[in-house]
Amino acid sequence: MLVAVVPASPRTAQETIRALLETDQLTAPVGVRAIYRDLAKVPPAFRAHAGFQAVAGDLSDAEALDLGGADTVFAITPPRHDGSDMMQWATVASENTRRAIQRAGSVKRLVLLSSMGAEHASGTGEIQTNHIAEEILKDVVPEVIFMRGAYFMENWASAIATVQSEPPHLYSPITPVDYEIPMVAVTDVGKACATYLMAVDIPKHPFVIEVQGPREYAVKDVQNAFAEAAGHAVEVRPVAKADLATFFGQFLPEASVGPFVEMTLSFLPGGFLAQNAGNASPDRVYRGRTELAEAIGRMYNLG
Ligand SMILES: NC(=O)c1ccc[n+]([C@@H]2O[C@H](COP(=O)([O-])OP(=O)(O)OC[C@H]3O[C@@H](n4cnc5c(N)ncnc54)[C@H](OP(=O)(O)O)[C@@H]3O)[C@@H](O)[C@H]2O)c1
């Protein structure tokens, strides 16, 4: 089988490719055709693999997305924080992916990385980019699978610098600090996506998988994980709901701040997603094995 990955440089794509290349296929080897807008970003370990090929392509140009006879596609709606309208970008990127799949003519299965809450058309901020992608791609080929990821544990990477400063602290947009939400390690997202790229039979289409970690976690668990990794106590500085725009405005362009605030408010207690959590009915829940402390420890030691 040949899996095209569009685009291949996001961290979730990297973990999915790693899982695909490590897989033991009993019948035929898995080939990966990975599309990068910058070929300098191809990890050397992938290049060394016989089943891997990297090709140039940019999601903003449908004509330049060559899926080259792939029977399976793994698609991601990459975030774009350049000050442009992220919903418009999600529309363009998804339509270009759709056109490239149709032009290839060989694709039978699409696995789309999406997000928990992507079933809603509004009220979820940045998650709406995933809703847009699902809507545009839901019937592009006979077999379509949506991988709706929980909050990535690696989102906490931005806290490493403050944990290493004096006094050691981390800012938390998730409040209160004992409020638990589903989180998942990016390595487990990759394993989940590889599993469904290679799965033999899927009972219905689109098939919806929620991708979560072994259990839910609170910011207190994040605090403990950083304290363990750093070897000293870490203070949590909760960001009040009213201060979220200022908080996100420190590292996001203005056009991205509103969607990030709305997304965050939606999953906090009383928010739109929190209230509707019981109504979501995925076809399956995939539970990764990586615990939060392991994911944070790994990030902390790397970076
Ligand atoms: N973060 C979460 O908690 C969470 C949870 C659930 C779902 N999700 C979803 O997961 C996805 C993000 O995945 P991620 O975290 O793996 O992303 P990421 O690592 O932040 O990836 C961004 C990548 O997108 C690539 N990219 C941007 N524009 C491109 C273009 N025009 N053509 C080709 N590549 C382009 C960039 O490539 P270069 O390397 O070339 O710059 C960059 O590597 C989003 O759809 C998000 O909604 C996120």
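Within any chain, residue numbers begin from 1 and follow the written order of that chain's sequence. Thresholds applied to this predicted model are a pLDDT of at least 70 for local features of residues and 80 or more for the giving and counting of side-chain atom pairs; totals over whole chains, interfaces and linings are not thresholded and use all residues. As a convention, hydrogens and water are excluded, and side-chain values are obtained from all of the structure's heavy atoms.

In the nomenclature of an unreviewed UniProt entry, the chain corresponds to NAD(P)-binding protein from the organism Aspergillus ibericus CBS 121593.

Draft legend 1. Examining the packing of helix H3 (residues 86–104) against helix H4 (residues 128–137) more closely. Structural elements are reduced to axes, namely lines fitted to C-alpha atoms, with helices fitted over the stretch in contact, and the angle between N-to-C directions of any two is expressed from 0 to 180 degrees. Each helix is a run of DSSP H or I of at least 4 residues and each strand a run of E of at least 2, with the numbering of both proceeding from the N terminus. Interhelical geometry of H3 versus H4 gives an angle of 30° and a closest axis separation of 9 Å. Judged by the angle between their axes, H3 and H4 are roughly parallel. Judged by the twist between their axes, the crossing of H3 over H4 is right-handed. Contacts between H3 and H4 pair Met86, Met87, Ala90, Thr91, Ser94, Glu95, Thr97 and Arg98 from the former with Gln128, Thr129, Ile132, Ala133, Ile136 and Leu137 from the latter. Basically, the charged four are Asp, Glu, Lys and Arg, the nonpolar ten are Ala, Val, Leu, Ile, Met, Phe, Trp, Tyr, Cys and Pro, and anything else, Gly included, counts as polar. When its residues are assigned to classes, the contact of H3 with H4 shows seven nonpolar, five polar and two charged. Working rule for angles: under 35 degrees goes down as roughly parallel, over 145 as roughly antiparallel, 65 to 115 as roughly perpendicular, anything else as oblique. Here a crossing is taken to be left-handed if its near helix is turned anticlockwise relative to the far helix by less than a right angle, and right-handed if that turn runs clockwise. Contacts are assigned to residue pairs that have any heavy atoms within 4.5 Å of one another.

Draft legend 2. Focus on the environment of glutamine 212. Mapped onto the elements, glutamine 212 comes out in strand E10 (residues 207–212). Relative accessible area decides the class of each residue, using a 1.4 Å probe on protein chains only: under 20% of the type maximum gives buried, over 50% gives exposed, and in between gives partly exposed. Given a relative accessible area of 7%, glutamine 212 falls into the buried group. Separated by 63 residues in sequence, glutamine 212 and glycine 149 have C-alpha atoms that sit 6.5 Å apart. Not counting the four nearest positions on each side in its chain, glutamine 212 is found in contact with Met116, Ala150, Pro182, Met183, Val184, Val285, Tyr286, Arg287 and Gly288.

Draft legend 3. Fine view of the sheet that holds strand E13 (residues 284–287). Two strands make a pair as long as DSSP finds a minimum of two bridges between them. The strand order across the open sheet built from eight strands is E3-E2-E1-E4-E5-E6-E10-E13, with neighbouring strands paired in parallel fashion. Lying at the two open borders of the sheet, with one neighbouring strand each, are strand E3 (52–56) and E13. The sheet shows a mean angle of 20° between the axes of neighbouring strands, taken without regard to direction. Of the strand pairs in this sheet, strand E4 (residues 72–75) and strand E5 (residues 109–115) are connected by four bridges, and their pairing is parallel. Following the sheet pairing, valine 73 is matched in E5 by leucine 110. Sheet strands touched by H4: E5 and strand E6 (143–149). Its angle to E5, the strand with the most contacts, is close to 160°. Against the sheet, helix H6 (residues 186–198) touches strand E1 (2–6), E4, E5, E6, E10 and E13, its axis set at about 155° to E5.

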